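# Structural features, examined
Take a look at the letters that make up each chain.
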Amino acid sequence: MTCADTKVCWIFPVLAVYVADYPEQCLVACCMEDRCPECPIPPNKRGEHQDSKSYVSQNQEEVMDLLRLDLLGSCSVNFKAHGCCPTYPPFWMDLPHSNIFTCFTPNLLHQLHKGVFKDHLVQWCT
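What comes next concerns the included structure. (Residues numbered from 1 in each chain as written. Predicted model: local features only at pLDDT ≥ 70, side-chain atom pairs only at ≥ 80, totals over all residues. Heavy atoms only, no water.)

## Details of the overall build of the protein
- Summing up its helical and strand segments, the protein has 5 helices and 2 strands in all.
- Looking at the 126 residues of the protein, the share that counts as buried comes to 25%.
- Long-range contacts, defined here as pairs at least 24 residues apart, represent 53% of the contacts in the protein between residues at least 6 apart.
- Accessible surface, the protein: about 8,800 Å² in total, of which carbon and sulfur atoms supply 62%. (Helix = DSSP H or I, 4+ residues; strand = E, 2+ residues; numbered from the N terminus. Buried < 20%, exposed > 50% of the residue type's maximum accessible area, 1.4 Å probe, protein only. Contact = heavy atoms within 4.5 Å. Areas by Shrake-Rupley, 256 points an atom, 1.4 Å probe, with all protein chains shown as cover.)

## Things to note about empty space enclosed by the protein
- Taken as a whole, this structure holds 2 cavities of 30 Å³ or more when the rule is applied.
- In this structure, the largest cavity encloses a volume near 40 Å³.
- Looking at side-chain class alone, the lining of the largest cavity contains 5 nonpolar, 3 polar and 1 charged residues.
- As for the second largest cavity, its lining consists of Ala-29, Cys-30, Cys-31, Gln-58, Val-63, His-82, Gly-83, Cys-84 and Phe-101.
- Here the lining of the second largest cavity is built from residues that sort into 6 nonpolar, 3 polar and no charged. (1 Å grid on protein atoms, 1.4 Å probe; cavity = no way out; pocket = protein on both sides within 12 Å on 5 of 7 lines; lining within 4 Å. Points joined across faces, edges and corners; volume = space filled by probe spheres on them. Nonpolar A, V, L, I, M, F, W, Y, C, P; charged D, E, K, R; others polar.)

## Let's talk about the nonpolar core
- Formed by 15 residues in total, the largest nonpolar core has its most connected members in Tyr-18, Val-28, Trp-92, Ile-100, Phe-101 and Phe-104.
- Every element with two or more residues in this core is listed here: α1 (22-28), α2 (60-72) and α4 (100-103). (Core = buried A, V, L, I, M, F, W, Y, C linked by side-chain atoms within 4.5 Å.)

Just geometry here; none of it tells us what the structure is for.
Right under this line is the structure:
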């Protein structure tokens, strides 16, 4: 890459944060929109904090294997049970040293401001 001082330097970009609203997070994570884009928690358990420690981040290699099997036509029941949505190839497939499932951050404009303050508090106050 050519820097501002016109020297050519090597760069090694690493995806550390991916800011998106919830539908885009689900699309990037290749999951259905009723699922959590970060962990494999069942849809009916979302929001219950007592079980949240038992669910770790999605395994990127497992999701890629499920997507490859779906692409080849040997889709199993595990694909839908895992909550996957066929989006192939994902842009993060060949990114080194990054896990897309740990890169998601909340979109404060849509998820906090609009979701909590505008929708819920305004309805509660009026």
